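The residues making up each chain are set out below.
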Amino acid sequence: MSNFNPQQLTALANKFVIQGDVIDVIPFGSGHINDTYRVRTAQQQARDYLLQRINHRVFGDVPSLMQNIAIVTQQLKRKYEAIGGNGRSLADRVLTLIPTHTGLAYHQDSEGNFWRMFILLADTRSYDIVETPQQAREGGRAFGQFQRLLADLDVTLIHEVLPDFHHIGRRLAKLHQAIAADPVNRVRRVEEELMFVKAREKRMHTILQRAAEGQLPLRIIHNDTKFNNVLLDVHDRAQCVIDLDTVMPGYVAYDFGDAIRTIINSAAEDEADLSSITLNIPLFEAYTAGYFEEAHAFLVREEINSLMEGVLLLPYMQAVRFLTDFLEGDHYYKVHHADHNLQRARAQIKLVELLEIHEPELRNSIDQLAKHTI
Ligand code: GN1
Ligand code: MG
């Protein structure tokens, strides 16, 4: 995280239309891309805020990114208004952007950094590792509902801010470029991992092939359905889906697979001790059941058939992305120690191995749960 001192951060927070005087601005959350801070304000009953520095090396077109978020949050608010309150205010269920004093969705500082602000949702929490089936089911409902409420939004309104984000062919091409260039002389350290990746390249194209055959509708999906992107309330009920930076057109299996990647894994995404990575199948089933409760309203049969492909693809793609960044010298993801990207890649590879072993069982479970709800 770049260093901004408290005075600078307070001044940045005051660029936005906030209520109350700023008490402090402190680092918050565990994202790998943007820098996030919590802004506490003095006024009683006033909300706290989230201040974020958008990583503009990753998100080259910040105005389009912010436009996507505005379109998506407006649509969600419209839908929730129509459905009715459920005892919660709209600001508690959908992210709310706070404008700058000049009426913009972001502030650009003198060094060219882009900043934005959201309301911080009080009394919520997120989990890096899921603990109970109830949490998993709530996560499934939340992402299923997110897709459902966006299902009638015109796909062409949303900018593809990170082109080919989940296109495995492009991701592999980047990995091969990194192998060929080998700028920091690390290829020799990942030969085993590269063999694992290469042995599965063809199979991992299944979703793209089915899409090219016209069997999978292109929908607006979240594209970063890590479980910690759902905020749960104090009773572990899903309250709000967050991190809308990557909301773009894609296939539902991507969101399903990325969520399962983090839910079924009993260990952390970057677990160093590979023997502690195991599959928690009851959590997988709970997420899937919750997902179908919401998604049955729009899913077509071919999409249901594609979900298991997503479960294998997303951890595989994540391994490819971590390996690529490792080979390129760690420029994309924030790393917290030497070889962090390698450790992350190895943990994801271990996960793919386990998922392959349990594939028939997981596929069967998806089919059974789909029958009950669809
Ligand atoms: C990044 O926003 P954050 O840090 O949760 C990444 C995701 C990866 C994730 C892996 C824009 O997400 O695609 O799945 O790390 N976001 C981007 O933990 O690349
Ligand atoms: Mg993200």
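Residues numbered from 1 in each chain as written. Chains lettered and ligands numbered in written order. Predicted model: local features only at pLDDT ≥ 70, side-chain atom pairs only at ≥ 80, totals over all residues. Heavy atoms only, no water.

The magnesium ion (ligand 2) binds to the protein through Asp-224 (OD) and Asp-243 (OD), with metal-donor distances spanning 2.1 to 2.2 Å. Pair noted here: Asp-224 is in the loop between β7 (219-221) and β8 (230-232) and Asp-243 is in the loop between β9 (238-241) and β10 (248-250), with a separation of 19 residues, a long-range link. (Donors = N, O, S within 2.8 Å, 3.2 Å for Na, K, Ca; no water. Helix = DSSP H or I, 4+ residues; strand = E, 2+ residues; numbered from the N terminus.)

The N-to-C vectors of helix α5 (residues 168-181) and helix α6 (residues 191-199) enclose an angle of 145 degrees; their axes lie 12 Å apart at closest approach. In this structure, α5 crosses over α6, and the sense of that crossing is left-handed. Every residue of α6 that contacts α5 at Leu-172, Leu-175, His-176 and Ile-179 is listed here: Leu-194, Val-197 and Lys-198. (Axes fitted to C-alpha atoms, helices over the stretch in contact; angles between N-to-C directions. Left-handed = near helix turned anticlockwise from the far one by under 90°. Contact = heavy atoms within 4.5 Å.)

For the chain, the assigned domains are domain 1 (6-119) and domain 2 (133-373). A separation of 26 Å is found between the C-alpha centroids of domain 1 and domain 2. Facing the 29 residues of domain 1 at the interface are 30 residues of domain 2. A per-residue breakdown of the area domain 1 buries against domain 2 is headed by His-32, Asn-68 and Arg-88, which together make up 24% of the total. The interface formed by domain 1 and domain 2 holds four salt bridges in total. For Arg-88, the salt bridge identified is with Asp-233, shortest N-O distance 2.6 Å. Across the domain 1-domain 2 interface, the total number found is 16 residue pairs in polar contact (both at pLDDT 80 or more). For the side of domain 1 that touches domain 2, the secondary-structure elements that each account for two or more residues are α2 (62-83) and α3 (90-93). Here the side of domain 1 that touches domain 2 gets 13 residues from one element, more than from any other, and that element is α2. The residue makeup of the side of domain 1 that touches domain 2, split by class, is 12 nonpolar, nine polar and eight charged. (Domains from an automatic or database assignment. Buried area = accessible area lost by both parts, 1.4 Å probe. Salt bridge = Lys/Arg side-chain N within 4 Å of Asp/Glu carboxyl O. Polar contact = N/O pair within 3.5 Å; in protein donor to acceptor, adjacent residues only side chain to side chain. Nonpolar A, V, L, I, M, F, W, Y, C, P; charged D, E, K, R; others polar.)

Within the largest apolar cluster, 126 residues are counted, with the highest numbers of intra-cluster contacts made by Leu-51, Met-117, Phe-256, Tyr-287, Tyr-291, Leu-313 and Tyr-316. Taken together, domain 1 (6-119) and domain 2 (133-373) each give at least three residues to this core, which thus spans both. Once residues within four sequence positions are removed from consideration, Tyr-316 is found in contact with Ile-168, Leu-172, Val-197, Arg-200, Glu-201, Met-204 and Val-352. (Core = buried A, V, L, I, M, F, W, Y, C linked by side-chain atoms within 4.5 Å. Buried < 20%, exposed > 50% of the residue type's maximum accessible area, 1.4 Å probe, protein only.)

The immediate surroundings of ligand 1 are formed by 16 residues, with His-32, Lys-226, Glu-269, Arg-321 and Tyr-332 found nearest. In the environment of ligand 1, an oxygen atom lies 2.8 Å from a nitrogen or oxygen atom belonging to the side chain of Arg-321. For ligand 1, the accessible surface in isolation is 440 Å², of which the surrounding protein chains cover 95%. Here the residues of the shell around ligand 1 sort into six nonpolar, four polar and six charged. The residues that make up the shell around ligand 1 include at least three from each of domain 1 (6-119) and domain 2 (133-373). (Near = heavy atom within 4 Å. Areas by Shrake-Rupley, 256 points an atom, 1.4 Å probe, with all protein chains shown as cover.)

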